[in-house]
Amino acid sequence: MKPRILVTQSIPEEGLAALRKGGEVAFCPHPERPPTREELLGEVKAADALLCLLADSIDTELLEAAPRLTIISNMAVGYNNIDVAAATARRIPVTNTPGVLTETTADLTWALLMGLARRIVEGDRYVRAGSFKVWKPTLLLGSDVHGKTLGVIGMVRIGLAVARRRPAPTTPWLVALFGGLKNWSNTMTGSASLTPLLFVIVIVLILVWEVLGNIGPEYYFLHWIGTPWRISPAT
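Residues numbered from 1 in each chain as written. Predicted model: local features only at pLDDT ≥ 70, side-chain atom pairs only at ≥ 80, totals over all residues. Heavy atoms only, no water.

Concerning the overall build of the chain
Basically, it comes down to this: Strands here mean DSSP runs of E at least two residues long; helices mean DSSP runs of H or I at least four residues long; both are numbered from the N terminus. Whether a residue is buried, partly exposed or exposed follows from its accessible area with a 1.4 Å probe, protein chains only, as a fraction of its type maximum: under 20%, in between, or over 50%, in that order. In this description, contact between two residues means that some pair of their heavy atoms is separated by no more than 4.5 Å. Reported accessibility uses the Shrake-Rupley method at a 1.4 Å probe radius. Residues are deemed covered only where the shown protein chains occlude them.
Each helix and strand in the chain was counted, giving eight helices and eleven strands. In the chain, which comprises 235 residues, the proportion classed as buried is 36%. Pairs at least 24 residues apart make up 42% of the contacts formed inside the chain by residues separated by at least 6 positions. Of the accessible surface of the chain, which amounts to about 14000 Å², a share of 61% is contributed by carbon and sulfur atoms.

Next comes the structure, spelled out in structure tokens:
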């Protein structure tokens, strides 16, 4: 008898084909959306393996409801949705997919950066609303990306991938490094050196005030037209 593999949401067919080689694939009642707590608790009872996503809370209650479970696979880099200690106590291995979205996230970072600089979304809405009548020099005037200094805060996997995509090797860039790669050539600077930047990318992998505290509660970032953004801790 093949093991029963519970997949909490729809994933690409390529992945399902690989799973079907090793067992019988089952889904929660509505795989097009995250399962409710009741649906997940009901379906996991007969599961030998679980492929879950970040929206699925895999805690002690769920593990107790899954006596046949032998492995948990999280389709994500993070795994804070899983009580790893509780799974380990039951000798259930937990796996994730580290690194699979590093380059993709860097692509999206540059897409957002370029979209903001050139006001792409704003321009799209302007045209769709029928507001465009004739071109004029000041209409939706954005900012050039070339020639700007790139600042990366959090020079780890994604930060490195973003830096590799800078428009040209000659583009000046600075790095504010908090943890991670300690020996990243000689491009590291203190956060104070980022103050005069005209173009800043902020990459914080865990967005909590404790992390932002590394750059000081009163630190200023300049966005692409020079307007200061103030970051202050929550009160």
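Let's talk about the pattern of salt bridges
How we decide: Each reported salt bridge corresponds to a side-chain nitrogen of Lys or Arg within 4 Å of a carboxyl oxygen of Asp or Glu.
Summed over all chains, the structure comprises 13 salt bridges. One salt bridge connects Arg37 with Asp59, and the closest N-O pair in it is separated by 2.5 Å. Separated by 22 residues along the polypeptide, Arg37 in helix H2 (residues 37-43) and Asp59 in the loop between strand E3 (49-52) and helix H3 (60-64) bring together distant segments of the chain. Its relative accessible area of 25% is what places Arg37 among the partly exposed residues. Ionic pairing is found between Arg90 and Glu64, a salt bridge with its closest N-O pair at 3.7 Å. Residue Arg90 is found in the loop between helix H4 (84-89) and strand E5 (94-95), and its partner Glu64 is found in helix H3; the two are separated by 26 residues along the sequence. Judged by its relative accessible area of 34%, Arg90 falls in the partly exposed class. Here the salt bridges do not stand alone but share partners, grouping Glu103, Asp107, Arg164 and Arg165 into one network.

Here we look at the confidence of the model for the chain
Rules: On a scale of 0 to 100, pLDDT captures the predictor's confidence in every residue.
For the chain, mean pLDDT is 77; residues scoring 70 or higher make up 69% of the total. Low pLDDT (under 50) marks residues 177-200, which in the prediction has 58 contacts with non-local residues, meaning those over four places away or in another chain. Low pLDDT (under 50) marks residues 202-235, which in the prediction has 62 contacts with non-local residues, meaning those over four places away or in another chain.

Digging into the nonpolar core
For clarity, the threshold we go by: Residues enter a nonpolar core if they are buried and are Ala, Val, Leu, Ile, Met, Phe, Trp, Tyr or Cys, with the set joined through side-chain atoms within 4.5 Å.
Core analysis: the biggest nonpolar cluster contains 19 residues, and Leu50, Ile58, Leu63, Leu69 and Ile72 have the highest contact counts within it. Elements supplying a minimum of two residues to this core: H2, E3, H3 and H4. Ignoring anything within four residues of it in the chain, the contact list for Ile58 reads Leu40, Leu50, Cys52, Leu63, Ile72, Asn81, Ile82 and Asp83. Leu113, Ala117, Val145 and Ile158 belong to the second-largest nonpolar core, a separate cluster that totals ten residues.

As for the packing of helix H5 (residues 102-118) against helix H7 (residues 157-164)
Cut-off, in case you're wondering: Fitting a line to C-alpha atoms yields each axis, with helices limited to the stretch in contact; the angle taken between N-to-C directions then spans 0 to 180 degrees. By definition in this entry, angles of less than 35 degrees are roughly parallel, angles greater than 145 are roughly antiparallel, angles of 65 to 115 are roughly perpendicular, and the rest are oblique. Put simply, a crossing is left-handed when the front helix is turned counterclockwise from the back one by less than a right angle, and right-handed when it is turned clockwise. Under the scheme applied here, ten amino acids are nonpolar (Ala, Val, Leu, Ile, Met, Phe, Trp, Tyr, Cys and Pro), four are charged (Asp, Glu, Lys and Arg), and all others, including Gly, are polar.
Interaxial distance between H5 and H7 falls to 8 Å at its minimum, and their mutual angle equals 55 degrees. The pairing of H5 with H7 is recorded here as oblique in orientation. Taken as a pair, H5 and H7 cross one another with a handedness that is right-handed. Every residue of H7 that contacts H5 at Thr102, Glu103, Thr105, Ala106, Thr109 and Trp110 is listed here: Arg157, Ile158, Ala161, Val162 and Arg164. A per-class count over the contact of H5 with H7 returns five nonpolar, three polar and three charged.

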